[in-house]
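Topology and contacts: notes
What follows is the residue order along each chain.
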Amino acid sequence: MPSKKAGQKMKKMPKTAQAAQHQKREQRAYKQLVAEKQRKPLYFKNFIVAFVAGGVVCTMGQAILAFFMKQGLDINAAAAPTLAVIILFGIILTAFGIYDEFAQFAGAGAAVPITGFANTITAAAIDFKREGWVFGMGAKMFIVAGPVIVYGILSGVFAAFIKFIIWS
Amino acid sequence: MASKKIGKATVKFTNPPFIIGTGTVVGPMEGKGPLAKGFDVVLPDLACGEKTPEKSERKLLEQAANIAIERSGVEKNMIDYYIAGDLLNQIISAGFSARQLAIPFFGVYGACSTCAMGATLGSMIIDGGFSDYILIGCSSHYQAAERQFRHPIELNVKHKAISQYTVTGAGALVLSSSGKGPRLTWATTGKVIDLGIKDPCNLGAAMAPAAADTFVRYMIDTGSTPDMFDLVLTGDLGNLGSELFKELVKDAGYAVGNNYNDCGLMIFDTKTQQVGAGGSGCACPAVVMLGPIFGKLEDGTLKKVLLVATGALLSPLSSQQGETIPGIGHIIVIES
């Protein structure tokens, strides 16, 4: 025999279930309304702009590579200084507050090249320097770039593993 | 018997407090917006001589508070309470500014609804006979908010069209039990409403149902209609949020007409300034209401203004954990 209190509780149960269902329905209707009113992002325009802007960054990288190869380095040896130079560009533009403006316009075209990676580390370093060299900048410099490194290495391991299986 | 309570959640002040002084300070971006002339101080840059955005925000709040006190003509030591809030963790701008002001302090948090929340509490304290003068303030800062809620400032992130731009600024007002000028006559305190929006970039949509709920509550409690106001303002819903608000109140039978606007849409020129869906932040409703709109109330161009200040009660942690965004809206009515 359930106590009086528990009995009351049980009587209330269907009502709360009803309320929950009502809330769910209300939420679904609202989400639909939001989807109706929300303007879709200009995907096509964004794709084109990102492609062109990212392409320009990569062409610059290619030009720098060509410059180093002209100095007598082979393509493997020239890759390292090319990366160093273009990363330096990314860092300098971030430090002067230009890179994020460029990203407003270029979107993924600014984020995907290695200049974007340089930007994520520099931006975090500048931001967290205010909390000190050790627990600020030192600890939080990789707060945005960290996942890229973690999952970059992880996918490298997977790729190597697949290659190992196929070739052996 | 609560004699001043009307309906379910509205209070009518029997001796409505006078707003005897206001102070508004805004950043450079707001200074380029259409309301620039209505603000007391427009800062030339975001840093205003400080090394961190958090310190700059505090400075803005202190400056706004001092302007409000000066304009009210009341001595600082006559003010009984300072009620303030902001967006930063542990409301440090409010707390640290209170250290400077040395007035007994209530720290409040209502996200971007803080100004209306503070004004409601202040008015209740005055109308309840506990105090004669109360200072209320709130602030937000683009860079400080960006750091806490989003990304490092210089990061290569393209802002979405629906995301909003945090207003840099601070607003303060002094309420008094006597004097002259516009008075705060009614207040409705909002419920927390959550209709399942998860995207922390889409705060307008997350807050619109809360704003509509409080708005309809006010209308039912007081038996008024939206056309009884010269101006109905929402805090910072942005263009999507205000569209949704209009739709929701229309469905409830309290459609707003041309007398409706949103502070987040008024403070910036959303076409030419890159601000996404409009302005947001504690300072957004505060500086618009206490700056240009208050000016119009004082010179009599506007007689009765209703403000629904809206807040999204999320934290970066709650959204990362996949929680939906609870919204809130508080109403204050100011009459000249």
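Calculation rules
- Residues numbered from 1 in each chain as written.
- Chains lettered and ligands numbered in written order.
- Predicted model: local features only at pLDDT ≥ 70, side-chain atom pairs only at ≥ 80, totals over all residues.
- Heavy atoms only, no water.
- Helix = DSSP H or I, 4+ residues; strand = E, 2+ residues; numbered from the N terminus.
- Rg over C-alpha atoms; globule rule 2.2 N^0.38 Å.
- Buried < 20%, exposed > 50% of the residue type's maximum accessible area, 1.4 Å probe, protein only.
- Lys, Arg positive; Asp, Glu negative; His and termini not counted.
- Charge placed at Lys NZ, Arg CZ, Asp CG, Glu CD.
- Polar contact = N/O pair within 3.5 Å; in protein donor to acceptor, adjacent residues only side chain to side chain.
- Contact = heavy atoms within 4.5 Å.
- Salt bridge = Lys/Arg side-chain N within 4 Å of Asp/Glu carboxyl O.
- Domains from an automatic or database assignment.
- Nonpolar A, V, L, I, M, F, W, Y, C, P; charged D, E, K, R; others polar.
- Buried area = accessible area lost by both parts, 1.4 Å probe.
- Pairing = 2+ DSSP bridges.
- Phe/Tyr/Trp six-rings, centres within 6.5 Å; stacked < 30°, edge-to-face > 60°.
- Lys NZ or Arg CZ within 6 Å of the ring centre and 35° of its normal.

What follows is about the overall build of chain A. For chain A, the helix and strand inventory stands at 8 helices and 0 strands. For 168 residues, the compact-globule estimate of 2.2 N^0.38 gives 15 Å, and the C-alpha radius of gyration of chain A, at 27 Å, exceeds that figure by more than 25%. Its C-alpha atoms give chain A principal-axis dimensions of about 90 × 45 × 45 Å. The buried share of chain A, reckoned over its 168 residues, is 26%. Positive and negative side-chain charges of chain A, numbering 19 and 7 respectively, have mean locations separated by a distance of 20 Å.

In this section: the side chain of B:Ser163. Residues and elements named next belong to chain B. Mapped onto the secondary structure, Ser163 falls in the loop between α5 (142–149) and β8 (165–166). The exposure class of Ser163 is buried, given its relative accessible area of 10%. Polar side-chain contacts of Ser163 include one of 2.8 Å to the backbone oxygen of Lys160. If we skip the residues at most four places from it in the chain, Ser163 touches Cys201, Val275, Gly276 and Ala277.

So, on to the environment of B:Gly295. Residues and elements named next belong to chain B. With respect to the helices and strands, the residue Gly295 is situated in helix α9 (residues 283–298). Judged by its relative accessible area of 27%, Gly295 is partly exposed. Sequence separation of Gly295 and Gly38 is 257 residues, and the distance between their C-alpha atoms is 7.3 Å.

Moving on, we come to the pattern of salt bridges. According to the stated counting rule, one finds 12 salt bridges over all chains in the structure shown. When the shortest N-O distance is used, the salt bridge between B:Glu247 and A:Lys37 registers 3.3 Å. Here B:Glu247, found in helix α7 (residues 238–251), pairs with A:Lys37, found in helix α1 (residues 4–37), and the two come from separate chains. Note that B:Arg147 and B:Glu54 form a salt bridge whose closest N and O atoms lie 3.4 Å from each other. With B:Arg147 in helix α5 and B:Glu54 in helix α2 (residues 53–72), this residue pair connects regions lying 93 residues apart in the sequence. Each of A:Asp127, A:Arg130, A:Glu131, B:Glu54 and B:Arg147 takes part in one network of salt bridges that share partners.

Interfaces are often described in size by the accessible area the parts lose on coming together. Residues and elements named next belong to chain B. According to the domain assignment, chain B contains domain 1 (5–176) and domain 2 (183–335). Distance between the C-alpha centres of domain 1 and domain 2: 17 Å. The interface of domain 1 with domain 2 comprises 57 residues on the first partner and 57 residues on the second. Where domain 1 packs against domain 2, one counts 1 salt bridge. Residue Asp199 pairs with Lys160 through a salt bridge whose shortest N-O separation is 3.8 Å. Viewed at the interface, domain 2 and domain 1 are joined by 21 residue pairs in polar contact (both at pLDDT 80 or more). Listing elements by their share of the side of domain 1 that touches domain 2, those giving two or more residues are β2 (10–12), β3 (18–26), α1 (28–31), α4 (114–127), β7 (133–140), α5, β8 and β9 (169–176). With 7 residues, α4 is the single largest residue contributor to the side of domain 1 that touches domain 2. Looking at the side of domain 1 that touches domain 2 residue by residue, the class counts come to 31 nonpolar, 20 polar and 6 charged.

Next up on the list: the interface of chain A and chain B. Taken together, the contact between chain A and chain B spans 31 residues of the former and 28 residues of the latter. Surface buried jointly by chain A and chain B totals about 2500 Å² across both partners, of which 57% is contributed by carbon and sulfur atoms. The tally of links from chain A across to chain B stands at 3 salt bridges. As a salt-bridge pair, B:Arg147 and A:Glu131 come within 2.6 Å of each other at their nearest N and O atoms. Inspection of the region where chain A meets chain B yields 13 residue pairs in polar contact (both at pLDDT 80 or more). Counting residues per element, the side of chain A that touches chain B draws most heavily on α1(A), at 8 residues. Among the residues forming the side of chain A that touches chain B, the class breakdown is 12 nonpolar, 11 polar and 8 charged.

What follows deals with the pairing of β7(B). Residues and elements named next belong to chain B. Across the 8 residues of β7, 8 count as buried, placing the element largely inside the fold. Residues Tyr133, Leu135, Gly137 and Ser139 line one face of β7 and the alternating positions Ile134, Ile136, Cys138 and Ser140 line the opposite face, and both faces are buried. Note: strand β5 (residues 81–86) against β7, 6 bridges, orientation parallel. Along β7, the bridge assignment pairs Ile83 with Ile136. Judged from the 8 bridges that link them, β7 and β9 form a sheet pairing that is antiparallel. Bridge pairing in β9 links Gly137 to Ala172.

Here we come to the packing of aromatic side chains. Residues and elements named next belong to chain B. The tally for this structure, following the rule as stated, stands at 11 aromatic pairs over all chains. Ring centres of Tyr165 and Phe268 lie 5.6 Å apart, and the angle between their planes is 85°; this geometry places the pair in the edge-to-face category. With Tyr165 in strand β8 and Phe268 in the loop between α8 (263–266) and β13 (279–280), this residue pair connects regions lying 103 residues apart in the sequence. The same class applies to Tyr165 and to Phe268, which are both buried. With centroids separated by 5.2 Å and ring planes inclined at 25°, the aromatic side chains of Phe245 and Tyr260 adopt a geometry described as stacked. Separated by 15 residues along the polypeptide, Phe245 in helix α7 and Tyr260 in strand β12 (residues 260–262) bring together distant segments of the chain. Over the face of the ring belonging to Phe229 we find Lys304, whose NZ or CZ atom lies 5.0 Å from the ring centre.

Once that is clear, we can look at the side chain of B:Glu62. Residue and element names in this part refer to chain B. By secondary structure assignment, the location of Glu62 is in helix α2. Here Glu62 occupies a buried position and makes no salt bridge, while the nearest side chain of opposite charge, Arg58, is found at 5.6 Å. Non-local contacts of Glu62, meaning those with residues more than four positions away in its chain, are made with Phe96, Ser97 and Gln100.

Glancing now at the environment of B:Pro326. Residues and elements named next belong to chain B. With respect to the helices and strands, Pro326 occurs in the loop between α10 (316–320) and β15 (327–335). Sequence separation of Pro326 and Leu313 is 13 residues, and the distance between their C-alpha atoms is 5.4 Å. Among residues more than four places away in sequence, those in contact with Pro326 are Val192, Ile193, Asp194, Gly311, Ala312 and Leu313.

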